[in-house]
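Structure assessment
Okay, here's what each chain looks like letter by letter:
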Amino acid sequence: MRLNILAFAAGIVCLQTQPELPAWEAWLVGGLLLLATNLLRRNAVTKGLAIVACIAIGFAWAAWRAEIRLGDHLGADWEGRDVEVVGVVAGLPQDFAGGSRFEFDVDGAEAGAVVPGRVMLSWYQGRRDSERTERLVVRPGERWRLTVRLKRPHGNANPGVFDYEAWLLERNIRATGYIRPQAPERLAAKVWRPGYLVERMRLAIRDDFARLLPEANYPYAGVLVALVVGDQKAIQGDLWTTFNRTGTTHLMSISGLHVTMVAALFGWLVSLGWRRVPALALRWPAQKAGLLAGCLAALGYALLAGFAVPAQRTLYMLLVAAVALLSGRIVAASRILALALLVVLLIDPWAVLAAGFWLSFGAVGALLYVGSAQVGETAGWRERVRAWGAVQWAATLASLPILLLVFQQFSLVSPLANAIAIPLVSFIVTPLALLAALIPWWPIPALAHQVLAWLMLFLDWCATWPVWLAPAPPLWAAGVAGIGVAVCLLPRGLPGRSLGILLLLPALFWPVVKPPAGRAWVTVLDVGQGLAVLVRTREHTLIYDPGPLYSAESDAGQRVVVPHLRHLGLSRIDLMMVTHRDTDHSGGAASVLSALTVDRLSSSLSDGVGDPCVAGQRWVWDGVTFEVLHPAAEDYAGPARPNHLSCVLRIEAGGRRMLLTSDIEAAAETALLQRYPDDLKADIMLVPHHGSKSSSTPDFLKAVAAPEVIVPVGYRNRFGHPKPEVLARYEALGSSLWRTDRDGAIRIDLGEAMPPPAAWRQEHRRYWQGR
Ligand SMILES: [Zn+2]
């Protein structure tokens, strides 16, 4: 059975990497026919066939579910149009500077509109004083009539960067958008549905914490909110750095660990009480009563957590275990784990897309594998400490391949940090915080906060330890490392345990892949409306613009540029060029500077951010020539618009040239033509200023005459870039057009023999993209 469930899971994983949805009926029928051979005869051959059948059935199951989910969509002609909808606020609103964001269940839309059942809405309020003086507050469970403008799920598509579209798909959010100013109307204050009531309760608890522990005096109050209602946005940004560096991030979400601990604690208390009351104990065994109470506690906590995926996962696991125990059957723990896996994947076949899914099943699997001997009943404190150490070691080791694959970093201090943090958070902080949610009386949350503050002192010290950084290993190396972990965790005394370490080495020491000398690898990252380009030569790295600022809390530096460089195994940059002041180009600079080592900065910013970029600057890295063509020194003298000062950079490798133009406009293009009348030809160029009408003058395009051109542009951006008439000019010259909103990140291998550019959305096509 266990192998068959694993095969079913493998079929689901396989479907989630498909570029198109297959016809699921054929796979289902094929799978069922194969499975039927088992009814006729059971031998090794038919058992093997059953495994193949389970892969096919898993594949068909996920495809069928995906077909239904994608069927609920936003009509293509309804993108970017005002549409009136009526519906209910479905989730906890998240406030940000200048507005709030929430999930919204659409009950009805204006006649003819094709709108999906659940959307994510942003409400920008109070940005301009003239708009509205009084800010309207939304609460879960309220029914509203709103005029909204929606678009299909779209995220930035880059190698090694969080896939927002997959995340939206798993949560069944099939469109995102914002609320238009046309008179919004609250139709009902409360819609009675259990889901909305739970969300209402979560909001009340979050408000209680905010009232009892004001953030100014209680810096870690957000962690308590995250532990009780699963609202991780409540945690301040800089705390995440500490959690990441110490490998304790998992403790700050309502993960399997917390749900299990709360269930165990509650179940234990109930069975203890039950035993004391003979009338009850005679009627039903205390152990079973405790088990049932534990399950109810887990259900309650999972609901409070907004029924987030990790909490759900644990709940099913506990329920499967409880049913097995209540029915009096002795079932192997691995069988319970496999059944839980089956239940999770039947309900949510997209769970396999989340790193947390692999981490939690991996960690629990390792614990079971190490065996109950070490975690079960033990006598003295010495054995207990040793058992605790063994559990830590197993969980840490098991997470290593997944952490390297997904996050490319691994905290060396994490076993020590976790050995202290897990019991403190699970046994003291979380129960106290939950108690505070039930009884909002100041001393209780304040005590929880105090314990947390002590823990943070320790974690801040741990964060000074080094972190292991490595490029993302290929899947096979991570798989080999997984086998290595299994070998390392073999029972003591078995020979060959230390050989497991050898299998870990490829993933740990996977080398950084570099371009050969004389070639440049250029990646135009997909950062939405803005620009970020990574240029690599054999031994050097350059960032040409670190991307846009998205909001007060987020920018392309932390969201795209840094994760992409980590994925490649790069942590040092030789030069970062910030081409001009506009935030769609410079907004990510601070995040890049704080996360990576940047040797030199160059910019056209007047207030001395690095050295000024000036035409004529020229250097050679590993046989690749770089030259700044604009602005001229005299351009800095007078007052100039930021766009006019954009640094223009030319890269030449093996006689091939690429022109990076940032946001230059007509005047700068004319200046370039005058300065380099016969020397602007390039093989590939960035379309200036995202394809705005202000730029791409015909004479300039003729002089550059690039066969390949790239438009860095945001999906459905508010400026309407790139302008069709500008694109027509390039098409008239016969250039092939690439654009980041359609193609994702675009990679160019610049050198003598030059392959065509590679687009990430084509290389990494998934069935849900654009739907
Ligand atoms: Zn720009």
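Predicted, not measured: the structure shown is a model, and the values here were computed from it.

Moving on: the sheet that holds strand 11 (residues 532-536). An order of 15-14-13-12-11-10-23-24 is seen for the 8 strands of this open sheet, with the pairing classed as mixed. Of all strands in the sheet, those bounded by a partner on one side alone are strand 15 (611-612) and strand 24 (758-759). This element, helix 20 (residues 556-568), spans strand 10 (520-524), strand 11, strand 12 (541-546) and strand 13 (572-578) of the sheet and lies at about 165° to strand 12.

This part covers the sheet that holds strand 18 (residues 648-653). Reading across from one edge, 16-17-18-19-20-21-22 is the order of the 7 strands in this open sheet, with mixed pairing throughout. The sheet is open, and its two edges are formed by strand 16 (618-621) and strand 22 (736-739), each paired on a single side. When the angles between neighbouring strand axes are averaged without regard to direction, this sheet yields 20°. As paired elements, strand 17 (residues 624-630) and strand 18 share 5 bridges and run antiparallel to each other.

What follows concerns a nonpolar patch on the surface. There is a patch of nonpolar side chains on the surface, built from L265, W268, L269, L272, F427 and I428 and spanning about 530 Å² of accessible area. Among the elements that make up the nonpolar patch, the one with the highest residue count is helix 8 (residues 256-276) (4 residues). With respect to the element layout, L272 can be found in helix 8. Residue L272 is classed as partly exposed on the basis of its relative accessible area, which comes to 30%.

So, about empty space enclosed by the protein. The full count for this structure, using the stated rule, is 2 cavities of 30 Å³ or more. Quantified by volume, the largest cavity comes out at close to 50 Å³. What lines the largest cavity is P153, E165, L168, L169, I173, R174, W768, Q769, G770 and R771. Residues belonging to the lining of the largest cavity are distributed by class as follows: 5 nonpolar, 2 polar and 3 charged. If you add up the space inside the second largest cavity, you get close to 30 Å³. Lining the second largest cavity are E215, P219, G222, V223, A234, I235, Q236 and L239. In terms of residue class, the lining of the second largest cavity is made up of 5 nonpolar, 2 polar and 1 charged.

Let us look at unusual backbone geometry. Of note, the bond from H630 into P631 is cis; its omega dihedral lies within 30 degrees of zero at 0°. Along the polypeptide, P631 turns up in the loop between strand 17 and strand 18. With a phi angle near 55°, Q408 is a residue other than glycine that sits in the positive phi range. For Q408, the position within the fold is in the loop between helix 15 (381-407) and strand 8 (409-411). At H690, a position not held by glycine, the phi torsion is positive, near 55°. Along the chain, H690 falls in the loop between strand 20 (684-686) and helix 24 (698-704). H690 gets classed as buried once you look at its relative accessible area, which sits at 2%.

What follows concerns the coordination of the zinc ion. Only D584 (OD), H585 (NE2), D663 (OD) and H690 (NE2) from the protein coordinate the zinc ion, and they sit 2.1 Å from it. Here the zinc ion is ringed by 4 donor atoms whose angles at the metal span 86 to 137°, and the overall shape comes out irregular. Read in sequence order, the donor residues for the zinc ion give the motif D-H-x77-D-x26-H. Since its relative accessible area comes to 18%, D584 is described here as buried.

Think of a disulfide as a covalent bridge from one cysteine sulfur atom to another cysteine sulfur atom. Enumeration over the complete set of coordinates arrives at 1 disulfide. Between the sulfur of C613 and that of C647 lies a disulfide, 2.0 Å long from S to S. An S-S torsion of about -75° defines the bridge between C613 and C647 as left-handed. Residue C613 is found in the loop between strand 15 and strand 16, and its partner C647 is found in the loop between strand 17 and strand 18; the two are separated by 34 residues along the sequence.

A separate point is the side chain of S646. Mapped onto the elements, S646 comes out in the loop between strand 17 and strand 18. Within the structure, S646 has its side chain in polar contact with the backbone oxygen of N643 (distance 2.9 Å). Sequence-distant contacts of S646, that is, excluding residues within four places in its chain, are made with T579, H580, H630, P631, S662, D663 and I664.

What follows covers the pattern of salt bridges. Counted according to the given criterion, the structure contains 30 salt bridges. The partner of E20 in a salt bridge is R765, with the nearest N and O atoms 3.5 Å apart. Here the residue E20 occupies a position in the loop between helix 1 (2-15) and helix 2 (24-40), and R765 occupies one in the segment after helix 27 (760-763), the gap between them amounting to 745 residues. What makes E20 partly exposed here is its relative accessible area of 48%. Owing to a relative accessible area of 28%, R765 belongs among the partly exposed residues under this scheme. The closest approach of N and O atoms between R650 and D679, which form a salt bridge, is 3.5 Å. Taken together, the positions of R650 in strand 18 and D679 in the loop between helix 23 (666-675) and strand 20 put the pair 29 residues apart, joining distant regions of the chain. The partly exposed category is assigned to D679, whose relative accessible area is 32%.

A few words now on a positive patch on the surface. Taken together, R382, R386, R492 and R497 make up a surface patch of like positive charges. If you trace the backbone, R386 turns up in helix 15.

Both strand 21 (residues 708-711) and strand 22 contribute to a ladder of 4 bridges, which runs parallel. Within strand 22, the position partnered with E708 by the bridge is S736.

It is worth spelling out the side chain of D545 at this point. In this structure, D545 sits in strand 12. Buried charge without a partner: D545 forms no salt bridge, and the closest opposite charge is R581, 12 Å away. Reaching out from D545, the side chain makes a polar contact with the side chain of H585 at a distance of 2.7 Å. Not counting chain neighbours up to four residues away, the residues in contact with D545 comprise L531, A532, V533, M577, V578, T579, H585 and S662.

Those residues of helix 19 (residues 499-508) that fall on the buried side of the exposure criterion are G500, L504, A507 and L508. One side of helix 19 carries all its buried residues, which in axial view fall inside an arc of 85°. In helix 19, the exposed positions angled more than 90 degrees off the buried face are occupied by L499 and L502. Summarising the contacts, the buried residues of helix 19 are in contact with helix 15, strand 9 (467-469) and helix 18 (475-488).

So, on to the confidence of the model for the chain. Taken over all residues, the pLDDT of the chain has a mean of 90, while the share at 70 or more is 97%. In this model, residues 373-378 is a region of pLDDT below 50 whose contacts with residues beyond four sequence positions or in other chains number 6 contacts.

Turning next to the packing of aromatic side chains. For the structure shown, the criterion picks out 18 aromatic pairs. For the ring pair W123 and W144, a centre distance of 5.4 Å and an interplane angle of 90° mean the geometry is edge-to-face. Of this pair, W123 sits in strand 4 (residues 118-124) while W144 sits in strand 5 (residues 143-151), and the two are 21 residues apart along the sequence. Owing to a relative accessible area of 2%, W144 belongs among the buried residues under this scheme.

What counts and what doesn't
- Sequence order as written defines residue numbering, which begins from 1 separately in each chain.
- For a predicted model such as this one, the threshold for reporting local features is a pLDDT of at least 70, and the threshold for listing and counting side-chain atom pairs is 80 or more; totals across whole chains, interfaces and linings nevertheless cover every residue.
- To get the side-chain values, all heavy atoms of the structure are used, and hydrogens and water are removed first.
- Paired strands, as defined in this entry, are two strands with at least two bridges between them according to DSSP.
- Secondary structure follows DSSP: runs of H or I at least 4 residues long count as helices, runs of E at least 2 residues long count as strands, and numbering of each begins at the N terminus.
- Pairs of residues are marked as contacts when any of their non-hydrogen atoms sit within 4.5 Å.
- Axes here refer to lines fitted to C-alpha atoms; in helices the fit is confined to the stretch in contact. Angles between the N-to-C directions go from 0 to 180 degrees.
- In this analysis, a patch consists of residues with relative accessible area above 30% that form no salt bridge, clustered at 9 Å for like charges and at 5 Å for the nonpolar side chains Val, Leu, Ile, Met, Phe, Trp and Tyr.
- To measure how exposed things are, a 1.4 Å probe is used in the Shrake-Rupley method; for residues, cover is taken only from the protein chains shown.
- Here a salt bridge means any side-chain nitrogen of Lys or Arg lying within 4 Å of a carboxyl oxygen belonging to Asp or Glu.
- Three labels apply to residues, based on accessible area from a 1.4 Å probe with only protein chains included: buried if under 20% of the type maximum, exposed if over 50%, partly exposed otherwise in between.
- Put plainly, a pocket is an open set of points on a 1 Å grid over the protein atoms alone with protein on both sides within 12 Å along at least five of seven lines, a cavity is a set where a 1.4 Å probe fits but cannot get out, and a lining residue has an atom within 4 Å of a point.
- Grid points are joined across faces, edges and corners, and a volume is the space filled by probe spheres set on the points.
- Each residue is assigned to one class: nonpolar for Ala, Val, Leu, Ile, Met, Phe, Trp, Tyr, Cys and Pro, charged for Asp, Glu, Lys and Arg, and polar for all the others, Gly among them.
- With water omitted from the atoms examined, metal sites may look incomplete; donors here are N, O and S atoms no farther than 2.8 Å from the metal, or 3.2 Å in the case of Na, K and Ca.
- By the criteria applied here, four donors are tetrahedral when all angles lie between 85 and 135 degrees, four are square planar and six octahedral when opposite donors are over 155 degrees apart and every other angle lies between 65 and 115, and any other arrangement is irregular.
- Only a pair of cysteine sulfur atoms within 2.5 Å counts as a disulfide in this structure description.
- Polar contact is the term for a pair of N or O atoms within 3.5 Å; when the atoms are in protein, one must be able to donate a hydrogen and the other to accept it, and sequence-neighboring residues count only if both atoms are side-chain atoms.
- Charged-residue counts in this description rest on Lys and Arg as positive and Asp and Glu as negative, His and the chain ends being excluded.
- Here the site of a charge means NZ on Lys, CZ on Arg, CG on Asp, or CD on Glu.
- In this context, the arc is that of the directions from the helix axis out to the C-beta atoms.
- The pLDDT value tells you how sure the predictor is about a given residue, anywhere from 0 up to 100.
- Any Phe, Tyr or Trp ring, taking Trp's six-membered ring, that has another such ring centre within 6.5 Å forms a pair; planes under 30 degrees apart are called stacked, those over 60 apart edge-to-face, and the others tilted.

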